[in-house]
Amino acid sequence: MAAASWYHRDISRVVAEELLAKAGRDGSFLVRDSESVSGAYALCLLFQRHVHTYRILPDDEGRLSVQTIQGIQAKCFRTLPALIAAYQHPNHGLVTPLLYPVPRHRGGPDEDSDGEEGWGGGLGAGGPGGAGPSAAIAARTHISQRLQQRLQEQVHSSPASDFTGFMAEYLNHHLQLDLEALRHGHPQLRHLSTALATACRALHSEIDFTLAGLEMLAGVFDPPTSPRSPAREQSLLTSDPDLELLLNKISTVNHLLSSLEKKVLKSLKERVSRHNLALPSLVAAPPMAAKPLAVQSFEVKVGKSQRAVLTVDVELGTVTITKRGSGSPEETIPQDRILQLIKYLSVQSKVRLVYDKELQKSLSRDFVFPSARKREAFCQLLQLMKIQHSNLDEPDLISVYVGTWNMGSTPPPRSLASWLTSRGLGHTQDETTACIPHDIYVIGTQENSLGDREWVEFLRTSLKTLMAIDYRLVALQCLWSIKMVVLVKPEHERRISHVHTSSVKTGIANTLGNKGAVGVSFLFNGTSFGFVNCHLASGSEKTQRRNQSYSDILRSLALGDKRLSAFDLTLRFTHLFWFGDLNYRLDMDVQDVLAHVTKREFETLLAVDQLNLEREKNKVFLRFSEGDISFPPTYRYERGSRDSYVWQKFKPTGVRINVPSWCDRILWKSHPETHVVCKSYGCTDDIVTSDHSPVFATFEVGVTSQFVPKRAPGSVPEALACIEWESIEVIIKTSSRSKCYIEFHSYCLEEAQWSGENTSQSCDSPGFLKLGWAAKNLPVLSPILPDLEYLGDQHLLLSVKGVESCESYGECCIALRPLISSTAQQFETFLFHRGEETGSMRGWMKVQVPKDRRSTRERLYEWISFEEEDAEPGADTEVCPKPPPQCLRSRPHSFPEPAASYTNPAYFIFEGVPNTWVPAPSAGEAHEKQAESPEQGQQHWSPLRTWVPSPSEEEQRGGRSHCTPRGPSPGHPLSPPQLGQQKRPKSAVLARDTAGLGDCSLTALHMATCLSQLDQLSPECRGDSQRTLLHQTHSTMELPPRPCREVPRCTQDAHQHGHPGEWSCDRGEQSHGVSERLGHLGLQQEAKGLQEHGWDHL
């Protein structure tokens, strides 16, 4: 008899609701593990199209009871099946009896799968399979049989036949006893320890023999001061199969082996010195000094035809401009007089240098480099020069190297220089900057056959040879042949703290480590980093398996601050890097792939890349970024060469086709309003020992340090900052009607804070719940420090939790920087839970900073900005500083960037009205608003990242400003009364497929909803309702009148270079046919699905 079919173990709340929605009958139920209380369960029950969740909690004696409505006495049960059986009858406090159990899906096992037949899924303590007497016996028998079957499979491939007998006896007779003890709260596994000790009896004599020989050898060079004690002799000769004694012996052998070499060396030195023999002094060599950077020169074009040479001396801190043909430099600019470096987006090889010529006078000069790579090298050298000559005690900016390589179970070549210096194919480093050492190296490998210490020393030696720096080991984490090594510069070692490591197995039954992930996290001063190296299932047909493994890793990796363990892993760190052999393939015939690779038509291949397709569907890596792929597929090459792919793999079961694919990838995700720029992303072309090519990526990352207030605490009455909320609106994907509260976490708060219950609630759209909080139910948060410079680097983590279940419906991260103001600012963000997007949150809030705490400083990475339009100022024209680069979330390269708004089109059903437009605020209003902004001429950002100069900057320019607001900010139904109606956000899901089609998506979705409601009406009730709903649909489809000049348009150049473009929408071709309307939106697939499956397809 198998375990109860209604028990689904650790599935997520979203998956549970989807299963119940498919069941569709009132009284359908299932049980899953609780996400909020360890050892508890969640009973999910469907009634009237809504899912009701009840917690099943154990008491001190292990009895189970259901938390139901007040006034109903809780009943206790010894077993979970008994509880379920009792609640199949009415009048027990549930909305309906438990009528129809929803069975769990059973997947067939395969070479990489961990189907439900796996034994590691949770029939241990508290599992329903061990509940009643008959069920417990059946479950234990089932487990024993499965394990014996696996043991027999291992016998043929293992020489340990004697050991097999002991294990078979344990599985047959003693496993059930350990299971019973485990069910009663005794996790010691006493019978397993006895079986292991008995099986290792022969090892005692072998260790005794080896240990005696080692002690004899050690005694030759270091005679013992006292004879061996009888107790020691007795312990070596004992035959008592005690497991603890065996471990002690192994520890002694390990200690002797590690100290023997030192003893021999010491003894030899003493004997040599007694005979007055000269010994070379073993003086510790001084630490190697880092190689000084050579002076670099760049040929550039100035003006229309003039040539010049830019010479960068990082050590001296100068940039020299020399005209071509001239023997003497025209001008030498010290680093402290360089004000700004502006990169042109329209011309990728052009840069503008802004610097002080004289006191209160600045000049700007434009230079055109031979290539974009040369421009990036020049900018990187200037950035490095600024860092080296800054007066800061702690860095603002560091460089991070991330590498991944499937080594194919073969030793590496003697040199890894091309990999560690980011040289090869793709977006690579220029030769002038390739050997600049990075601050942090994170190197992940798969199928690595080297020993752990051997691999670490090999990497450290390689870096020492290349960079002349002895990098220090921060962490080494291994899972079988999956390894991750983290190395840092010696001067950063003291800045690293709170190091955590973890691993997750995703091989067969999630118990084998041939597939899985290793993770490392740490703090660099005040910035948290997370790194995950994984090896997922192979095979073109295993896409869903890879998706599931990603979810398992996301859920099970124990990294970061334990106080944030309830949050999605991707929200726990300022910067999270995920890399490895992800094994996603190309969905295209192998011959077609080879033809496109030969022609370097990578865009065509990226459009059928499984990882890109799954990311587009929001199945994996939500809101992650990836650099542009401009290098060939990294798998599967012929070993020893990079000239051809080997796409046929002969196996006993037949020939397997391995389509050349980008299996090896590097992605990242960062908190909003943080600085991270991918400087290179490529692969090597000269490391050929494996069928995979090593992949590298380098990043420029902004970091924060421990903030020290300029004013000593307690010197004057302390002015406090505060975070106030005016309203919050949440839309979550759920069939529940539960009341919710919000939990607030941040490093700028002394402790977590909670809101009250939501003040408004509606579920007009099936499958979605809309919640609202008014100001009175939201806490006023008091940050630890009130300084603007400190608060600008802080973030809030919010979690929406059910009042009854205390389980999370979604979490999000909000940056405080754009919300610092004396008036309420709008925010909007996504909700995530266990790797899935579960909803959206928006609202109004303000972060008030005392006037005497508004001073701040420019970060080292903020002096490099971007210029969208190629405007040519005069030689003496003052240039308006530009905002720092916007490091937004990037989608796969083949897809347009979506608008930053709601992702699910069904959210718009809650809006109910078309978008409206208003003109931008007047100059006077903007000036009044800026009066409340930070002082000292600092840059100020609106919620839409619109940069507005402060009044002091305008005065310096004689009232003239070259920077103007870029457009209206989005409106919101929760807008305060003093703010007018504004443009509401679009659906990002539709925006990425139908760029610039305005709000056509709103009308189509509204009509789909109305017709879906018609399908649910009974035939006799459709008459008038149908005419009413269709009339509403018709009126809604009339597009909102807007002047043509306000309709965004896109230029070909803007679209080509990937920066924000403007698109036009032809309103002359409107059709009231549903399929035609969807076709107009560019949703032909949806139109086809609509015809075949009805409105449920939408």
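Above this text is the structure in question.
Keep in mind that what you see is a predicted model, and the values were worked out from it rather than measured.

Student: Whenever I open this one, the overall build of the chain confuses me. Can you help?
Tutor: Counting secondary structure elements, the chain contains 24 helices and 39 strands. For the chain, with 1098 residues in total, the buried portion stands at 50%. Within the chain, residue pairs in contact and separated by at least 24 positions form 67% of the contacts whose partners lie at least 6 positions apart. Taken as a whole, the chain presents about 51,800 Å² of accessible surface, with 53% of it coming from carbon and sulfur.

Student: When you look at the pattern of salt bridges in this model, what are you seeing that I'm missing?
Tutor: Side chains bearing opposite charge may pair, as long as their charged atoms lie close to each other. For the structure shown, the criterion picks out 39 salt bridges. Between Lys846 and Glu724 there is a salt bridge, and its shortest N-O distance comes to 3.8 Å. Taken together, the residues span a long stretch of sequence, with Lys846 in strand β36 (residues 836-848) and Glu724 in strand β28 (residues 722-733) at a distance of 122 residues. Judged by its relative accessible area of 16%, Lys846 falls in the buried class. Look at the salt bridges and you will find they share partners, linking Glu330, Glu331, Lys357 and Arg365 into a network.

Student: What is the right way to read the sheet that holds strand β27 (residues 695-702) from this model?
Tutor: In a beta sheet, neighbouring strands are held together by backbone hydrogen bonds and run either parallel or antiparallel to one another. The strand order β14-β26-β27-β13-β15-β17-β16 describes an open sheet built from seven strands, whose pairing is mixed. At either end of the open sheet lies a strand with only one pairing partner, and these are β14 (425-427) and β16 (472-479). With direction set aside, neighbouring strand axes in the sheet form an average angle of 10°. By the bridge criterion, six bridges tie strand β15 (residues 440-446) to strand β17 (residues 482-488) in an arrangement that is antiparallel. Residue pairing across strands places Thr445 opposite Lys483, the latter belonging to β17.

Student: Would you mind going over the sheet that holds strand β18 (residues 496-505) with me for this structure?
Tutor: One open sheet holds the six strands; their spatial order is β18-β19-β20-β21-β25-β22, and the pairing between them is mixed. Both outer strands of the open sheet, β18 and β22 (625-626), are each paired with one neighbouring strand and no more. Pairing of strand β19 (residues 516-524) with strand β20 (residues 527-535), which is carried by nine bridges, proceeds in the antiparallel orientation. By the bridge assignment for β20, Phe524 is matched with Thr527.

Student: Any chance you could explain the nonpolar core here in plain terms?
Tutor: Buried together is how nonpolar side chains tend to be arranged in soluble globular proteins. Ranked by internal contacts, the top residues of the largest apolar core, which has 45 residues, are Ile440, Phe522, Phe529, Phe531, Phe577 and Phe699. Ile728, Leu769, Leu778 and Met841 belong to the second largest nonpolar core, which has 36 residues in total.

Student: Got a minute to help me understand the pairing of strand β34 (residues 808-815) in this structure?
Tutor: For a regular strand, side-chain orientation follows a simple rule: the groups alternate between the two sheet faces. Here β34 lies mainly inside the structure; eight of its eight residues are buried. Bridge count between strand β33 (residues 795-802) and β34: seven bridges; the pairing is antiparallel. Counted as the bridge partner of Val800 is Gly810 from β34. Hairpin connection, β33 to β34: the antiparallel pair is bridged by five residues, and Cys806 has positive phi, about 60°.

The rules behind these values
- Residues numbered from 1 in each chain as written.
- Predicted model: local features only at pLDDT ≥ 70, side-chain atom pairs only at ≥ 80, totals over all residues.
- Heavy atoms only, no water.
- Helix = DSSP H or I, 4+ residues; strand = E, 2+ residues; numbered from the N terminus.
- Buried < 20%, exposed > 50% of the residue type's maximum accessible area, 1.4 Å probe, protein only.
- Contact = heavy atoms within 4.5 Å.
- Areas by Shrake-Rupley, 256 points an atom, 1.4 Å probe, with all protein chains shown as cover.
- Salt bridge = Lys/Arg side-chain N within 4 Å of Asp/Glu carboxyl O.
- Pairing = 2+ DSSP bridges.
- Axes fitted to C-alpha atoms, helices over the stretch in contact; angles between N-to-C directions.
- Core = buried A, V, L, I, M, F, W, Y, C linked by side-chain atoms within 4.5 Å.

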